[in-house]
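Architecture and fold: a report
Chain residues, written in single-letter form:
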Amino acid sequence: MDRPDQEFQDQGLTHFDAQGNAHMVDVGAKKETERKAIAIGRIALGNKAYAALKAGTSKKGDVLGVARIAAIQGAKRTSDLIPLCHPLPLTRLAVEFELDDENHEVACICTAQTFGKTGVEMEALTGVQIGLLTIYDMLKAIDKGMVMKETRLLEKTGGKSDFKG
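Rules of the game
Residues numbered from 1 in each chain as written. Predicted model: local features only at pLDDT ≥ 70, side-chain atom pairs only at ≥ 80, totals over all residues. Heavy atoms only, no water. Helix = DSSP H or I, 4+ residues; strand = E, 2+ residues; numbered from the N terminus. Buried < 20%, exposed > 50% of the residue type's maximum accessible area, 1.4 Å probe, protein only. Contact = heavy atoms within 4.5 Å. Areas by Shrake-Rupley, 256 points an atom, 1.4 Å probe, with all protein chains shown as cover. Salt bridge = Lys/Arg side-chain N within 4 Å of Asp/Glu carboxyl O. Core = buried A, V, L, I, M, F, W, Y, C linked by side-chain atoms within 4.5 Å. Polar contact = N/O pair within 3.5 Å; in protein donor to acceptor, adjacent residues only side chain to side chain. Pairing = 2+ DSSP bridges. Axes fitted to C-alpha atoms, helices over the stretch in contact; angles between N-to-C directions. Expected span 1.5 Å × (residues − 1).

1. Some words on the overall build of the chain
Along its length, the chain carries 5 helices and 5 strands. Reading the chain from its N terminus to its C terminus gives the helix and strand order α-β-α-α-α-β-β-α-β-β. Among the 165 residues that make up the chain, the fraction classed as buried is 38%. Residue pairs at least 24 apart in sequence account for 69% of intrachain contacts in the chain once pairs closer than 6 positions are excluded. On the chain, roughly 9400 Å² of surface is accessible, and the fraction owed to carbon and sulfur atoms is 53%.

2. Section: the pattern of salt bridges
In total, this model carries 7 salt bridges according to the counting rule given. E150 is paired through a salt bridge with R42; the nearest N and O atoms lie 3.1 Å apart. Linking E150 in strand β4 (residues 147–157) with R42 in strand β1 (residues 33–44), this pair joins segments that are 108 residues apart in sequence. E150 gets classed as partly exposed once you look at its relative accessible area, which sits at 49%. Residue classification places R42 among the partly exposed positions, given a relative accessible area of 25%.

3. Concerning the nonpolar core
One finds I43, L45, L53, F97, V106, I135 and L139 to be the most contacted residues of the largest nonpolar core, which totals 28 residues. Looking at this core, the element that brings in the most residues is helix α5 (residues 121–139), giving 6 residues. Leaving out residues up to four positions away in the same chain, V106 has contacts with G41, R42, I43, L45, Y50, L53, L64, F97, E98, L99, L132 and I135.

4. A short note on the side chain of T33
Of note, T33 is situated in strand β1. A polar contact of 3.2 Å, which involves the side chain of T33, links it to the side chain of R35. Looking at T33, its side chain comes within polar contact range of the main-chain nitrogen of G159, at 3.3 Å.

5. Some details on the sheet that holds β1
Sheets are built from strands paired through backbone hydrogen bonds, the pairs being either parallel or antiparallel. Pairing within the open sheet is antiparallel, and its 5 strands lie in the order β2-β3-β1-β4-β5. Each edge of the sheet is formed by a strand with only one pairing partner; in this case those strands are β2 (90–100) and β5 (163–164). Here helix α2 (residues 47–55) sits on the sheet and contacts β2 and β3 (105–116); the angle it forms with β2, its principal contact strand, is near 120°. Where helix α3 (residues 63–76) meets the sheet, it contacts β2 and β3, and its direction lies at approximately 145° from that of β2.

6. A few points about α3
Across its 14 residues, α3 extends 20 Å between first and last C-alpha, which sits within 8% of the 20 Å expected from 1.5 Å per residue. The complete set of buried residues in α3 reads V63, L64, G65, A67, A70, A71, G74 and A75. Next to the buried residues of α3 lie α2, α4 (78–81), β2, β3 and α5.

Structure, rendered in structure tokens:
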């Protein structure tokens, strides 16, 4: 191959320049569209931590309220945390939590939206992870064995391709 980046581009890896160095993708020529991504992740808690979360008796306060704000802040700061992400003017961030009493799990669902030239999957995924980490942080005095799991993209719309998982 004449160009070192061709192998990466053939594999759909666009974050490499002609010399094979990592770089931020140029989205200048892309069309602006409405873009939306929804991500989900779960945290499994022990009996005591789940009971404290559900009853609102954690010594650190409103666990899910703080986790919601943290998830929103985390999603907004995605380009500061992930080196090659573009900073985006987000038009909407919504965070929901679903409690699973049977399995003592909390699902965090983050929806990110923008009108722009690149997608918001990373923002939705980052929001989920920061929300789950905040739940861990606020309940770790009760349970250090919590497990974050199954973080994934549920849906992506806008841009070249849509995804529904």
